[in-house]
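Below, each chain spelled out in residue letters.
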Amino acid sequence: MRKLCCHLTLSLFICAVVLLSQAIAQEPQVAPEADANPGVAASSQLTLPAAAIIDILRSRPELIVEVKQVAAQSLQAAGTDIRDDSITDEMLFREINTNADVRKQLTSWLWTRGYVSADDLQRYAENEIPEVKVPVASTSGNVTDIDTAAAPMNSGDLNATVKPNATLQGRKAPARQRERNSEPTTADSAQHDPNQPDTGGLVHQPTPLNLLALRDLYTQVPEQSSSLRRFGSDAFLHHGMDPAELPTDLPAGNDYVLGPGDLVQLTLWGGISQTLSRPVDAEGRLVLPEAGPIGVSGLTLAQAQGAAENALRPQFREIHVQLSLARVRTIRVYVVGDVQRPGAYDVSSLSTTLNALYAAGGPTAVGSLRIVRHYRNSKLIHEVDLYDFLLHGMRDDPVLLQAGDTVLVPPAGRQVTVAGMVRRPAIYELRQEQTLDDVIGLAGGLLVSASTASIRLERVHAFASRSTESVEIPNPADLAALRTSLEAVPISDGDRIFVAPVLPYSERAVYVEGHVVRPGKFAYRDEMLITDVLHSYADLLPEPADRAEIIRLRPPDYRPETIEFNLGEAMIGNTHIRLQPFDTIRVLGRYELDAPKVTIQGEVLRPGSYPMSADLTVAQLVRLAGGFKRSALLDHADLTSYEVQNGSSVAGHRTTVEIGRAVVDADTAADVKLKPGDVLTIHQISGWNDIGASVTLSGEVAYPGTYGVQQGERLSSVLRRAGGFRDTAYPTGALLTRLQVRDFQDKSRDELIRQIETTSAATKISPTVSGSDQAAMLQLVMQQQEQVLQRLKTQPATGRLVIKISPDVAQWQNTPADIELRAGDVLEIPKRPGFVLVTGQVYNSAAITYTPGKDAAWYLRRSGGPTEMASKKEIFIIRANGSVVGRDSTEWFGNEVLRTKLDPGDVLVVPQKIIGGSVLWRNLLATAQFMSSFAITAKVAGF
């Protein structure tokens, strides 16, 4: 047996190894370059989920400003007119959560700049991350979690309060992020206080009042800091391209030096016409037809062409030769120093210093962008300033690389940070720049929104201290004087220049809001009046209120105050209120000021509450409500009005309106003017609901079908119209179902189920049960409860109404048994059943052939008698007509239900004995058992 187990184990292990090897063989192999540099296809096909983008923004809050710019571009492309500085944090995160286009654009942006790698994209695509909660600081200082879809999150909150997300702990950071986390501190980050907020645009603080004027005034201009990056740091991103496949930028001219590996194309004409391709072999030779090999290694393309022509001339008369380069050779160069990936690179022989630098990923955060040295052995061949290329598009590296050359990137030199209102805020490396004017020139110059009176320079005094200086501009409006002033300010390593914007609001503006056609900001001029902004009622929406207001911000602290005025008087020029800067004219609609309403109820198409316009009448209100229904009573309607008495109480009174004359006949004498709060009720024609009322007769009647009934028509009348009973009919078991009864039974059943399910355990167990037996008893009670509830829930309500009728209709006509029919009643007359049904806790629940004169005990014995779980005292009989015979409903003393003579179609029910419990619990379960058994009689009627 042990040997057999060992064989089975070995077999299973071999199968597992085979399956694993097949899976590995079928798995697509990924090149190392593709793993490090995701392709364009991966970026275009994969989109980060909202939670992943939010996680990245939480870990790098300085990206929020640039992310808003990307989101604004995406929304503008979709047709939304929005600017990036108007996107709040709440709006940004809502768009990330709900807008797939925004997520796609942000994914492409983050991937292009190296914040996510191909592995990150694939991992996020395979493992959807749940929505994250962003911790923010409450006003009390406590940190709370709120949903990112609705929570505003600015970078200041993130720097101060965000904790690492537990769902991301242990996750591999994106490649570019790991790289940047290891970068040394730059001139910008060295001066940045991490406790200060990092936003880079205008910040609108919450305002106490919802006013555009206050929103403009509640605007701060925070200083950009860590959101700035070193200028040129994005130039060497590969954008999904393999460095080995980077195209060369220079053509192979006549001065190209040939070497082993080059493929040369020879074009011959004259004594012979032929085009040949010949490689330069490892010994530097080029094999010519009929002339043999010649040495070309080290020769330029022009020199090699002359040598080939000289070698072929003795062989061919008047031969002419042209050499061109079909394929360049690969050379190995070395890129060292402060580059992203230092090492040896195989590049094209047409490559220059810039190509080699691209292949190595460009300089690191501490590598220089101003000095790149090209060495050949120990000789310095050339120095390249990358700013010439990045700023002016000028290539300053015409010298081609040769095998064994070295490209060295030394550490960066002096650096300064330029932030604020310049065209390219960034960190710049200095070379020959000495003045503030030179540095601003590197940053692209000042924007028109720059405040030349607010240029601040923060300086680090070497190994000593820091200082903050303001640049004095005597005449900022004079461009020549401005440039002279900037040239007079020297720049040192580590300086930080911040150019503040002009005031973010207009000091000569007024605002209009509310019930107007063109809300917004308007230019202010001296002695300006309200009519200079609102010229006529054409500038207002329909039905403005008479009352309007001006919200004025009083200088010097701009505290708000409200000035009310009459809009109608102002529009005709009777009110002369002179406006001041920052005034807000607020016009309200008529229905915004405690809107007066009237209500119409009853037989109209659209009943409800309606705004009350001037001089509204009952006829106009009926037309607003869509007019009368066909069921409307046009003789009169009720109008209930309310009046305020002495300002302390409300009194109501009702009047009758001749509504038909007022609406149909357009009689103004019958029309009534409405007051606010009036309620108009349109009555229904008497008996309208009985129109189309019908009942259904089925079973053993002469003409079964659907019959229309009149109000008050009785059962005997409809039976006579249906031709009476057939000879096979059994009227005693007639089943009359009514919708109202069914609804009542449903409610009663639901209430009974609720009572049983909510009854406490103490009620279910008898107090006489000892503590040791209570657990077992409770388990039995719960099992019985589940059984009873299951039967009760699966038995639908029948809606049966108990009636007692006989085959002779005249015998019970116009008696209490001749009930009045209702719309929707269904009467089913069964055939005479030949059996009595015995069900419940008996040994053989069955239908037993009816024998005249036999009592219930006789039928019980024929079904095997009651079981041990039967409750003999609670046996009851459900007659074929739906009536019930129970323990207390017989004429005999004691429990003599079993002595009752049974008729065809009767049902003898033996209920289950109820285990334990109080009287309340027993009554609940007994009722449930009876209710679940009552539906059986409806089924018997269909046999």
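Owing to the predicted nature of the structure, the values given are computational and were not obtained by experimental measurement. (Residues numbered from 1 in each chain as written. Predicted model: local features only at pLDDT ≥ 70, side-chain atom pairs only at ≥ 80, totals over all residues. Heavy atoms only, no water.)

Visitor: Lay out the overall build of the protein in plain terms, naming residues and giving numbers.
Guide: When you go through the protein residue by residue, the secondary structure sums to 27 helices and 39 strands. Nonlocal contacts in the protein, meaning residues at least 24 apart in sequence, comprise 65% of its contacts between residues at least 6 apart. (Helix = DSSP H or I, 4+ residues; strand = E, 2+ residues; numbered from the N terminus. Contact = heavy atoms within 4.5 Å.)

Visitor: Go over helix H7 (residues 100-112) with me, naming the residues and quoting the values.
Guide: Between its terminal C-alpha atoms H7 stretches 18 Å, which fits the 18 Å expected from 13 residues at 1.5 Å a residue. Of the residues making up H7, those classed as buried are Val-102, Arg-103, Leu-106, Thr-107, Trp-109, Leu-110, Trp-111 and Thr-112. Just downstream of H7 lies Gly-114, where phi reads positive at about 85°. (Expected span 1.5 Å × (residues − 1). Buried < 20%, exposed > 50% of the residue type's maximum accessible area, 1.4 Å probe, protein only.)

Visitor: Please set out the packing of aromatic side chains residue by residue, giving values where relevant.
Guide: As enumerated under the stated definition, the model contains 6 aromatic pairs in all. When the centroid spacing of 4.9 Å and the interplanar angle of 50° are considered together, the rings of Phe-236 and Tyr-358 count as tilted. Residue Phe-236 is found in the loop between strand S4 (219-220) and strand S5 (263-269), and its partner Tyr-358 is found in helix H14 (residues 353-359); the two are separated by 122 residues along the sequence. Taking the relative accessible area as the measure of exposure, Phe-236 reaches 7% and is therefore buried. Site record: aromatic cluster; members linked through ring pairs are Phe-231, Tyr-387 and Tyr-428. (Phe/Tyr/Trp six-rings, centres within 6.5 Å; stacked < 30°, edge-to-face > 60°.)

Visitor: Tell me about the pairing of strand S7 (residues 285-288), residues and numbers included.
Guide: Within a regular beta strand, the side chains point alternately toward one face of the sheet and then the other, so they alternate between its two faces. Residues Leu-286 and Leu-288 point to one face of S7 and are all buried, whereas Arg-285 and Val-287, pointing to the other face, are not buried. Two strands pair when backbone bridges link them, and S7 and strand S8 (residues 292-295) are joined in this way by 4 bridges, in the antiparallel orientation. When the bridges of S8 are listed, Leu-286 appears paired with Ile-294. Taking the residues that link successive antiparallel strands as the turn, the S7-S8 hairpin has 3 residues, and the phi of Glu-290 there is positive, at about 70°. (Pairing = 2+ DSSP bridges.)

Visitor: Please set out the sheet that holds strand S37 (residues 876-878) residue by residue, giving values where relevant.
Guide: Taken in spatial order, the 5 strands line up as S36-S35-S39-S37-S38 in an open sheet, and their pairing is mixed. Two strands bound the open sheet, and with one partner strand each, they are strand S36 (846-849) and strand S38 (884-885).

Visitor: I'd love a proper account of the nonpolar core, names of residues and values included.
Guide: Here is a general trend for soluble globular proteins: nonpolar side chains tend to be buried in one another's company. With 44 residues, the main nonpolar core has Leu-386, Tyr-428, Leu-436, Ile-491 and Ile-497 as its most contacted residues. Setting aside its immediate chain neighbours within four residues, Leu-436 contacts Ile-455, Val-471, Leu-486, Val-489, Ile-491 and Ile-497. Judged by nonpolar contacts, the second largest core, of 27 residues, contains Ala-72, Ile-87, Trp-109 and Tyr-115. (Core = buried A, V, L, I, M, F, W, Y, C linked by side-chain atoms within 4.5 Å.)

Visitor: Describe the side chain of Asp-906, naming the residues involved and giving the relevant values.
Guide: Examined against the element boundaries, Asp-906 turns out to sit in the loop between S38 and strand S39 (907-910). Engagement of the side chain of Asp-906 in a polar contact is seen with the backbone nitrogen of Ala-880, the distance being 2.9 Å. Aside from chain neighbours lying at most four places away, what touches Asp-906 is Val-836, Leu-837, Ile-877, Ile-878, Arg-879 and Ala-880. (Polar contact = N/O pair within 3.5 Å; in protein donor to acceptor, adjacent residues only side chain to side chain.)

Visitor: So what's going on with the pattern of salt bridges? Residues and values would help.
Guide: Summed over the entire model, instances satisfying the criterion amount to 40 salt bridges. A salt bridge links Arg-329 to Asp-262, with the nearest nitrogen and oxygen atoms 2.5 Å apart. Here the residue Arg-329 occupies a position in the loop between strand S9 (320-327) and strand S10 (330-337), and Asp-262 occupies one in the loop between S4 and S5, the gap between them amounting to 67 residues. This pair shows no difference in class: Arg-329 is buried, exactly as Asp-262 is. Overlapping salt bridges bring together Arg-370, Arg-373, Glu-383, Asp-385, Arg-431 and Glu-433 as one network. (Salt bridge = Lys/Arg side-chain N within 4 Å of Asp/Glu carboxyl O.)

Visitor: Tell me about helix H6 (residues 89-98), residues and numbers included.
Guide: Since the α-helix advances by 3.6 residues per turn, residues separated by three or four positions end up pointing in the same direction. All buried positions along H6 are accounted for by Asp-89, Leu-92, Phe-93, Ile-96 and Asn-97. Buried residues in H6, looked at end-on, bunch into an arc of 130°, giving them a common side. The inward-facing, buried residues of H6 abut helix H4 (50-59), helix H5 (64-77) and H7. Measuring from the side-chain oxygen of the N-cap residue of H6 to the backbone nitrogen of Met-91 gives 3.2 Å; that N-cap residue is Thr-88. (Arc of directions from axis to C-beta.)

Visitor: Please give an account of the packing of H4 against H7 that cites residues and values.
Guide: Viewed as axis vectors pointing N to C, H4 and H7 meet at an angle of 45°, and their least axial separation amounts to 11 Å. Accordingly, the angle class assigned to the pair H4 and H7 is oblique. The handedness of the crossing between H4 and H7 is left-handed. Residues Ala-50, Ile-53 and Ile-56 of H4 lie in contact with H7, whose contacting residues are Arg-103, Leu-106, Thr-107 and Leu-110. Looking at the contact of H4 with H7 residue by residue, the classes come out as 5 nonpolar, 1 polar and 1 charged. (Axes fitted to C-alpha atoms, helices over the stretch in contact; angles between N-to-C directions. Parallel < 35°, antiparallel > 145°, perpendicular 65-115°, else oblique. Left-handed = near helix turned anticlockwise from the far one by under 90°. Nonpolar A, V, L, I, M, F, W, Y, C, P; charged D, E, K, R; others polar.)

Visitor: Tell me about the packing of H4 against H6, residues and numbers included.
Guide: In helix packing, the relevant descriptors are the interaxial angle and the interaxial distance, both defined with respect to the helix axes. Put simply, H4 and H6 touch, their axes get as near as 8 Å, and they point 145° apart. Taken as a pair, H4 and H6 cross one another with a handedness that is right-handed. Here Ala-50, Ile-53, Ile-54 and Leu-57 of H4 lie close against H6, whose contacting residues are Phe-93, Ile-96 and Asn-97.

Visitor: Would you mind going over a nonpolar patch on the surface in detail, with residue names and values included?
Guide: Together, Tyr-642, Val-644 and Val-650 line one region of the surface with nonpolar side chains, adding up to about 310 Å² of accessible area. Residue position: Val-644 is located in strand S27 (residues 632-645). (Patch = residues over 30% accessible without salt bridge, like charges linked within 9 Å, V, L, I, M, F, W, Y side chains within 5 Å. Areas by Shrake-Rupley, 256 points an atom, 1.4 Å probe, with all protein chains shown as cover.)

Visitor: Describe in detail unusual backbone geometry, supporting the description with residues and values.
Guide: Put simply, Pro-555 and Pro-556 share a cis peptide bond, and its omega is 5°. As for its position among the elements, Pro-556 is in the loop between strand S22 (544-554) and strand S23 (559-566). Notably, Phe-463 is not glycine yet its phi reads approximately 60°, a positive angle. Phe-463 gets classed as exposed once you look at its relative accessible area, which sits at 89%.

Visitor: Describe the pairing of strand S19 (residues 496-501), naming the residues involved and giving the relevant values.
Guide: Across the 6 residues of S19, 6 count as buried, placing the element largely inside the fold. Pairing of strand S15 (residues 415-420) with S19 involves 4 bridges; the strand directions are parallel. Bridge pairing in S19 links Ala-419 to Phe-498. When strand S17 (residues 450-461) meets S19, the two strands line up antiparallel, connected through 5 bridges. Bridge pairing in S19 places Arg-456 opposite Phe-498.

Visitor: An account of the sheet that holds strand S26 (residues 608-611) is needed here, citing residue identities and associated values.
Guide: Strand order in the open sheet made by the 5 strands is S26-S25-S29-S27-S28, with mixed pairing throughout. Looking along the sheet, the strands with just one partner apiece sit at the ends: S26 and strand S28 (649-657). Neighbour-to-neighbour, the strand axes of the sheet open up by a mean angle of 20°, direction not taken into account. Summarising the sheet, strand S25 (residues 597-602) and strand S29 (residues 679-684) pair through 4 bridges and their orientation is parallel.

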